[in-house]
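Analysis of the macromolecular model
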Amino acid sequence: MSSAKLTVDHLTAFYGGKPAISEVSVEFPERAVTAIIGPSGCGKSTFIRCLNRLHETVPHTKVEGHVFLDGEDIYELDPVRVRRRIGMVFQKPNPFITMSIYGNVSAPLRLNGRHNREVTDAAVVKSLQQAALWDEVKDRIEAPATSLSGGQQQRLCIARALAANPEVLLMDEPCSALDPIATAKIEDLVKRLKEQYTVVIVTHNMQQAARVADFTAFLYLGKLVEFGPTEDIFEKPTQSLTEAYITGRFG
Amino acid sequence: MIFDRDSRRKAFSHAITVLGGLSVLVVLIPLASVLYTAAVRGGAVLLNPAFYTAGNPLPCSSISCQTVGIGPDIEGTAILLGLSGAISTAVGVSAAIFASEYRTYGLGRAISFTADVLTGVPSIIMGVFIYSFFVLYDPTLAFSATTGTLALSILMIPIVVRTTEEALHTVPNSLREAALALGMPKWRTTVRVVLATAFPGILTGILLAMMRAAGEAAPLLLTGFGSRLFFQGMNVPIAALPLLIYNYAESGSPNFLKVAWGATLLLMILVLTANVLSRLSIQRMVRRMGGR
Amino acid sequence: MVPPTPSSRSPLPGGSAKRPRGSRQTWPDRLFLGLVGTAGVSVLFLALALVGVLYDAATPSVRAFGPNFLVGYTWNPAAGVYGDLPFVAGTLLTGAIAVLIAVPLALGASIFLTTQAPFWMRRPVGTAIELLAAVPSVIYGFWGIFVLVPLMRYTVEPVLRIYLGWTGLFGGTPIGTDVLTASVILAVMIVPTITAVSRDTLSAVPAAQKEAALSLGATDWEATRYAMIPYARAGIVGAIILGLGRAIGETMAVTMTIGNIDKVPVSLFSQGQTIASLIANELLNETGPLQYAAILEAGLVLLAISLVVNVAARLLVWKVLRVSGGIIE
């Protein structure tokens, strides 16, 4: 039984006065992949954006409850430091458009003041290798990030997030803008990443959850309905709502 | 080590915020100062109703003179704005309609670009243009309400063209197509449907152009020229508020200066109020159309 | 589905909503087209006429002085010698200094309003800044004479002289009406232009870019600096050039504060003259035909400079904003 890296305790998040998620409590085990599934509008994105305190950067929002990273409540820490320990990959790949591939991956290092070229180079190579992108770009590392395909850009964003050396990696529907081949590559990547990182992946694709995740949480209308090992959720769900969703009766 | 660097980064970020806020304050100081100065030095004069209606009594020495009124200047500005407003609306809105709705004739982008560039031409050049044209063509008209009107019109036309074009662009194509599909002829579609929908935006644009022209002295220096008399006809010089301010600003007489400050305050109130109102109405319109 | 047709008109071809061509147009359509088309063409004609008339009136001077006009530094009506350099120098110098003063303030304000300011404050403050642009030039000049000039003369300029006199830029006795004061007023007038366009440009940066930076653990300023500003760079440069374009063309505020001496300024405290203020001051004096032509040639130069600057700016800004969004004044 792996220990919980990230513990969410009665988390409620508001958008302009109305709760998008309410009283969600769940534990994310360490070095495992946990998927968050649910129909559109159930609050999955809002939820995951609360885990790295990105939700509060939008106007008219409020967050109640706690999120513990290794026992510390991230809402009492400096958000900048929290985000260095909890990284994020977004739904649409968002590399820095004015920077090269190298520039993008080295950005988190440069922010932290690492200016030693050799150290940075090594870190960039390592991150690109972890993101399974190195072989494809090693000859054009100074090319603009925009010269990559969608799938490559997303892997670039993953490399960039990994270069910050986080403990947790949040992925908000990372494959929804990608074609099946690119999706497959990223799914393989995720399965390898869990050796080193705790991964939380939001997905609207149940089969994807079944493929990559060790644990799955089912969210519906802002509330956590069920959480458990992926096979349990898909083969013997305890909630009828879960079963209805799994069997495609709605969503 | 990391802690130090972090708190430095945060402190720097906060410092930038403070600097930004300070910039805003510094930038707004002149506006406040101009308003304050005009209010203090010219406010009293505005409370006298005769100020707005009286003209200049007999010429008098600069020290022992009654305060003069700015009636002629208000009238002059109103006439100039009315006429040039009408001309620039007619020409500007039409040109914008042509550029926006009749694009197949190929000139649309040229007109749009030209108008955009013309809005950046110094206003004194407009005055020079009209002046030199009339010096060649009909020197007797050189300083007259006619040339003043023309100068202000060509100043306003490019602005009206651009703002009208913007407003026309916000009208969704589906409206045009629906009207045409119902058999409405193109000209009627444009007038009854497109213009009507874009009307608030167009009106706001015209208002903004007129407020710009209301404050312009440079083009009038060489055309309308200024006068101390009420309107005497289109062929002779005409008074205008900005010209009054310019002419009296450098006079030594405290009375004349008071008049100039009063005129300044009046002009500022007019122009700023119109600006604020039109911006509010633009915002309301944008929100109604679904925002940008 | 055939759309319903009015009784007297034939149905539109193919059910498409394209406008009828050629013979299908009725006379009201043709009349309307004629009217708006004339108006449209007249705008083009206006631009051509502007250049044409000015050039025509400037011809005697062009022929008399040739290209030396642009670099001649003597403007002496008595001797019949005219050179444009004092005014080109005055125009460009005041413009450049105005930009130097305005840009840090305008960028600071626009970044603040786009990223840091509390949301309730953004629109009112933005409007207030834009009101700066609505104040007529002659009023700024008037205020300049009575508020800014004394301030410069008795407070600011002596201090500048003491601390920065070594740079050689602040020679001569400060009397307040000089190139520096005129530049300060121009700066006040162009700040709203630069601020407004920069704000538009910064707002057009996709939120995802900034979020990407934040998610890596950047502070708010770092996210703005590394993700937003590079993205908006072309538009910001365009905004600055637009501001410069506006400064170059200003007449009244400048002519009331610059001192009106037809010589190339040698220090920031020199009295000077821009092309615009030259025209305002001297065109209507009793001048001979050559002086008239020379002043008009100067005006032509001003028109050329302002066209180049404005076109460059608009190309940059149009490229970034992609639609010609909003009036850039």
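Given the structure is predicted, the values throughout are model-derived calculations rather than measurements.

Some words on the overall build of chain C
Of regular secondary structure, chain C possesses eleven helices and two strands. When each of the 329 residues of chain C is scored for burial, the buried share is 51%.

Some thoughts on the overall build of chain A
Scanning chain A from terminus to terminus reveals ten helices and ten strands. Relative to its length of 251 residues, chain A is compact, with a C-alpha radius of gyration of 18 Å against a globular reference of 18 Å. By principal-axis analysis of the C-alpha atoms, chain A measures approximately 55 × 40 × 35 Å. Looking at the 251 residues of chain A, the share that counts as buried comes to 45%. In chain A, the share of contacts with a sequence separation of at least 24, taken over all contacts with a separation of at least 6, comes to 68%.

A look at the sheet that holds strand β5 (residues 72-73) of chain A
Residues and elements named next belong to chain A. Strand order in this open sheet of four strands is β2-β1-β4-β5, and the pairing throughout is antiparallel. Pairing within the sheet leaves two strands with one partner each, and these edge strands are β2 (18-29) and β5. Relative to strand β4 (residues 61-69), strand β1 (residues 4-15) runs antiparallel, the two sharing eight bridges. Bridging from a neighbouring strand, L6 pairs with L69 of β4.

What about the interface of chain A and chain C?
If you look at the interface, chain A gives 21 residues, while chain C gives 16 residues. Sorting the residues of the side of chain A that touches chain C by element identifies α2 (79-85), β6 (86-89) and α3 (101-111) of chain A as the ones contributing at least two each. Here the element with the most residues in the side of chain A that touches chain C is α2 of chain A; it accounts for four residues. Its residues assigned to classes, the side of chain A that touches chain C shows eleven nonpolar, five polar and five charged.

A look at the interface of chain B and chain C
Taken together, the contact pairs 79 residues of chain B with 76 residues of chain C. With 19 residues, the top contributor of residues to the side of chain B that touches chain C is helix α1 (residues 2-46) of chain B. Classifying every residue of the side of chain B that touches chain C gives 53 nonpolar, 18 polar and eight charged.

Re the nonpolar core
I201 of chain A, I245 of chain B together with L54, A102, I139, L186 and V191 of chain C are the most contacted members of the largest nonpolar core, which totals 260 residues. Among all residues touching V191 of chain C, those that are not within four sequence positions of it are V27 of chain B together with A102, L105, A106 and L132 of chain C.

Some details on the environment of A313 of chain C
Tracing the backbone shows A313 of chain C in helix α11 (residues 289-321). Note: C-alpha distance between A313 of chain C and G235 of chain C (78 residues apart in sequence) is 8.6 Å.

Focus: the sheet that holds strand β3 (residues 33-37) of chain A
Residue and element names in this part refer to chain A. An order of β6-β7-β8-β3-β9-β10 is seen for the six strands of this open sheet, with the pairing classed as mixed. The sheet is open, and its two edges are formed by β6 and β10 (223-229), each paired on a single side. Across this sheet, the average inter-strand angle for adjacent strands is 20°, counted without regard to direction. Pairing geometry for β6 and strand β7 (residues 168-172), over four bridges, is parallel.

A word on the packing of helix α5 (residues 137-164) of chain C against helix α6 (residues 179-203) of chain C
Two quantities define a packed helix pair, namely the angle between the helix axes and the distance between the axes. Residue and element names in this part refer to chain C. One way to put it is that α5 packs onto α6 with a least axis distance of 10 Å and a crossing angle of 125°. With respect to α6, the element α5 is oriented oblique. When the axes of α5 and α6 are compared, the crossing they make is right-handed. Contact with α5, carried on its side by Y140, G144, L148, V149 and M152, involves L180, T181, V184, I185, V188 and M189 of α6 and no other residues of that element. When grouped by side-chain class, the residues that make up the contact of α5 with α6 number nine nonpolar, two polar and no charged.

Notes on unusual backbone geometry
All names here are of chain A. Notably, E23 is not glycine yet its phi reads approximately 50°, a positive angle. Tracing the backbone through its elements, the reader meets E23 in strand β2. The class of E23 is partly exposed, set by 14 C-beta atoms lying within 10 Å.

Side note on helix α7 (residues 207-215) of chain C
Of the residues making up α7 of chain C, those classed as buried are Q209, K210, A212, A213, L214 and S215 of chain C. Looking at the buried side of α7 of chain C, the elements it contacts are α2 and β6 of chain A together with α8 (220-249) of chain C. Note on α7 of chain C: the residue one or two positions beyond its end, G217 of chain C, has a positive phi of about 90°.

Some words on α3 of chain A
Since the α-helix advances by 3.6 residues per turn, residues separated by three or four positions end up pointing in the same direction. In terms of residue burial, α3 of chain A counts as a mostly covered element, since eight of its eleven residues are buried. For α3 of chain A, every residue scored as buried is listed here: I101, N104, V105, S106, A107, P108, L109 and L111 of chain A. Contacts from the buried residues of α3 of chain A go to α4 (117-130), α5 (134-137) and α6 (150-163) of chain A together with α8 of chain C. Among the residues trailing α3 of chain A, G113 of chain A stands out with phi positive, at a value near 90°.

Let's talk about the packing of helix α3 (residues 71-101) of chain B against helix α1 (residues 27-65) of chain C
Remark: α3 of chain B packs on α1 of chain C, axes separated minimally by 7 Å, with the N-to-C direction vectors making an angle of 100°. In terms of orientation, α3 of chain B and α1 of chain C fall into the roughly perpendicular class. Here α3 of chain B contributes V91, S94, A95, I97, F98 and A99 of chain B to the contact with α1 of chain C, which in turn contributes L35, V36, G37, A39, G40, S42 and V43 of chain C. Among the residues making up the contact of α3 of chain B with α1 of chain C, the classes are represented as nine nonpolar, four polar and no charged.

A few points about the pairing of β7 of chain A
Residue and element names in this part refer to chain A. Counting buried positions along β7 yields five of five residues, so the element is predominantly enclosed. Of the two faces of β7, the one holding V168, L170 and D172 and the one holding L169 and M171 are both buried throughout. When β7 meets strand β8 (residues 198-202), the two strands line up parallel, connected through five bridges. Residue pairing for β8: L170 is matched across the bridge by V200. Since β7 and β8 lie parallel, the crossover through helix α7 (residues 180-193) that links them has a hand, and here it is right-handed.

Quick look at the pairing of β1 of chain A
Here β1 of chain A pairs with β2 of chain A via eight bridges, running antiparallel. Looking at β2 of chain A, one finds that L11 of chain A is bridged to V24 of chain A.

Remarks on the confidence of the model for chain C
As a general rule, the predicted coordinates of low-pLDDT regions are not to be interpreted in detail. This prediction gives chain C a mean pLDDT of 85; 89% of its residues lie at or above 70. Segment residues 323-329 of chain C: pLDDT under 50, and twelve contacts once partners within four positions in sequence are set aside and those in other chains are kept.

A closer look at the environment of Q116 of chain C
Looking at the element boundaries, Q116 of chain C is found in helix α3 (residues 85-116). Other than its neighbours up to four places away in sequence, Q116 of chain C contacts T17 and G20 of chain B together with D220 of chain C.

The rules we used
Every chain begins its residue count from 1, and numbering advances along the sequence as written. Chain letters start at A and ligand numbers start at 1, both assigned in the order the entries are written. Given that the model is predicted, a residue must reach a pLDDT of at least 70 before its local features are reported, and side-chain atom pairs must reach 80 or more before they are shown or counted; all residues, however, enter totals for whole chains, interfaces and linings. Counting from the N terminus, the helices are DSSP H or I runs at least four residues long and the strands are E runs at least two residues long. Three exposure classes are used, based on other C-beta atoms lying within 10 Å of a residue's own C-beta, which is placed from the backbone: buried for 20 or more, exposed for 12 or fewer, and partly exposed in between. Each radius of gyration is computed over the set of C-alpha atoms, and the globule rule expresses the reference value as 2.2 Å times the number of residues to the power 0.38. We call two residues in contact when their backbone-placed C-beta atoms lie within 7 Å. A pair of strands is labelled paired if DSSP reports no fewer than 2 bridges between them. Side-chain classes are defined by residue name, with Ala, Val, Leu, Ile, Met, Phe, Trp, Tyr, Cys and Pro counting as nonpolar, Asp, Glu, Lys and Arg as charged, and the others, Gly among them, as polar. In this description, a nonpolar core means buried residues of the types Ala, Val, Leu, Ile, Met, Phe, Trp, Tyr and Cys, linked to one another by C-beta atoms lying within 7 Å. To obtain each axis, a line is fitted to C-alpha atoms, and for helices this fit is confined to the stretch in contact; angles are then taken between N-to-C directions over 0 to 180 degrees. Note that the term roughly parallel is reserved for angles under 35 degrees, roughly antiparallel for angles over 145, roughly perpendicular for angles of 65 to 115, and oblique for everything else. Definitions for this section: a left-handed crossing has its near helix turned counterclockwise from the far helix by less than a right angle. A right-handed crossing has that turn clockwise. Think of it like this: strands point away, you trace from the first strand over the helix to the second, and a clockwise trace means the crossover is right-handed. Per-residue confidence from the prediction method is given by pLDDT, with values spanning 0 to 100.

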